[in-house]
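Coordinates in review
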Amino acid sequence: MSVGRILSSIAASLAVGACAVVAIGMSRAPSLAQSDSGQSVPTPTRTARPAYIAPTTSTSMVVTSSAAAPTSPIARATTPAGSAAASAKSSAPRVAIQPRPAARTTSAAAAKPKPVVRPAVTPTRATSAARGQSLPLPNGTGSATRVITVVAHSHSSTTATLQAWTKASGGGWKKYGSAVPAHVGSDGIGSASEYRSATPAGSFTLTQAFGHNGDPGTSLPYRHTTSADWWISQAGRLYNTRQVCSSGCAFDRGSNTPNEHLYYETPYYNYAVVIDYNTRNAPGGVKAGKGSAFFLHVTDGRATAGCIAISQTKLISIMRWLTPTTHPRILIGVT
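Residues numbered from 1 in each chain as written. Predicted model: local features only at pLDDT ≥ 70, side-chain atom pairs only at ≥ 80, totals over all residues. Heavy atoms only, no water.

Re unusual backbone geometry
Here the residue pair Thr266 and Pro267 is connected by a cis peptide bond, since its omega of 5° sits within 30 degrees of zero. Examined against the element boundaries, Pro267 turns out to sit in the loop between β11 (260–261) and β12 (272–274). Positioned with a positive phi, Asn240 is a non-glycine residue whose angle comes to about 55°. Of note, Asn240 is situated in the loop between β9 (229–231) and β10 (242–244). The class of Asn240 is buried, set by a relative accessible area of 3%. (Helix = DSSP H or I, 4+ residues; strand = E, 2+ residues; numbered from the N terminus. Buried < 20%, exposed > 50% of the residue type's maximum accessible area, 1.4 Å probe, protein only.)

Here we look at the sheet that holds β9
For sheets, the rule is that strands pair by backbone hydrogen bonds, running either parallel or antiparallel. Across the sheet, 3 strands lie side by side as β10-β9-β11; this open sheet has antiparallel pairing. The strands lining the two open edges of the sheet, one partner per strand, are β10 and β11. (Pairing = 2+ DSSP bridges.)

Regarding the state of the cysteines
Within this structure, the stated rule accounts for 1 disulfide. Two residues, Cys245 and Cys249, share a disulfide whose sulfurs are 1.7 Å apart. Across the disulfide from Cys245 to Cys249, rotation about the S-S bond amounts to roughly -105°, and the bridge is consequently left-handed. Its relative accessible area of 18% is what places Cys249 among the buried residues. (Disulfide = S-S within 2.5 Å.)

Let's talk about the nonpolar core
Side chains that are nonpolar tend, in soluble globular proteins, to be buried together. Formed by 33 residues in total, the largest nonpolar core has its most connected members in Ile148, Val150, Leu162, Ile308 and Ile330. Put simply, the parts of the chain that give this core at least two residues each are β1 (146–152), β2 (159–167), β3 (173–183), β13 (295–298), β14 (308–310), α7 (312–321) and β15 (329–334). Of the residues forming this core, the biggest block, 5 residues, is contributed by α7. Discounting residues that sit within four places of it in the chain, Ile308 has contacts with Val150, Leu162, Ala182, His183, Val184, Thr199, Ile275, Phe295, Leu296, His297, Ile330 and Ile332. Judged by nonpolar contacts, the second largest core, of 9 residues, contains Leu262, Tyr269, Ala293 and Cys307. (Core = buried A, V, L, I, M, F, W, Y, C linked by side-chain atoms within 4.5 Å. Contact = heavy atoms within 4.5 Å.)

Re the environment of Glu194
Structurally, the position occupied by Glu194 is in the loop between β4 (189–190) and β5 (199–200). Linking Glu194 and Lys290, residues 96 residues apart in sequence, is a C-alpha distance of 5.7 Å. The contacts of Glu194, once residues within four sequence positions are left out, are Ser233, Tyr239, Gly289, Lys290, Gly291 and Ser292. A distance of 2.5 Å separates the side chain of Glu194 from the side chain of Tyr239, its partner in a polar contact. For Glu194, the side chain forms a polar contact with the side chain of Ser292, separated by 3.0 Å. (Polar contact = N/O pair within 3.5 Å; in protein donor to acceptor, adjacent residues only side chain to side chain.)

Scope: geometric values only; no functional claims are made or implied.
Printed below as a string of structure tokens:
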């Protein structure tokens, strides 16, 4: 046999063998598929479709895939059944879950602020609360908002009651401090002159003060007296004025002079407030002979020559209370 025929025979035999192998493979494929359909292979619960018959070229993969657990992620990704199930799951409608409202608790209700109920306030009448009373004397007060009243029981009385008053905002007057006893002229209260020791009756301003002692804290113009201070009672142009002179004076300084040497008149003039009776500050000015040197000063416990005298402690308190801006006055009379 020639080499060519031998080679041809060998090639023909190989071809026949290959066909036999293919025939055998093809005859086995239906058997495997039948085996898959006949066996109790677990079927995924998410689909009711029949088992898928894999192509003959991937028989081993189909067998391996059929034996795998249906919950394996690999099986879902590689098998059409897994893909169909995933597609069915993704196409299922989504149900929106609404959040449950929070229940109201007792603490939340307690945290809510409650409205504040304020008690009704009954308005008071400020004018009635601030209203004062009438003064014990009918004398005029001018523009004064602070006054002092000196009241005696009779024109011949040498004692009286002194009371300070403050004008009330609603009208009338309110007492300032308590009433104190006072001494007046030895000839009582009435018409004054240079020849009687009577205290003048009426309403007079209080505009200046002086004293042997230093200023006690008054707002009135205050003169701290020295040995050169005098109050003139002799007739003439200096009548009823305070003068300062130590030598070559225009007034009498002798022992029999009616003029008062203020610095040495103690305890009376330790502190004193000038009463503007017949002074240059009085209406009509100074009139000769109508009386001079009338003061509110310190008492020695006896009647005066026409002045009004009280305790030094009370006088200091009144002097501190008197101010020029209140236009203070003193009212003197009998009730």
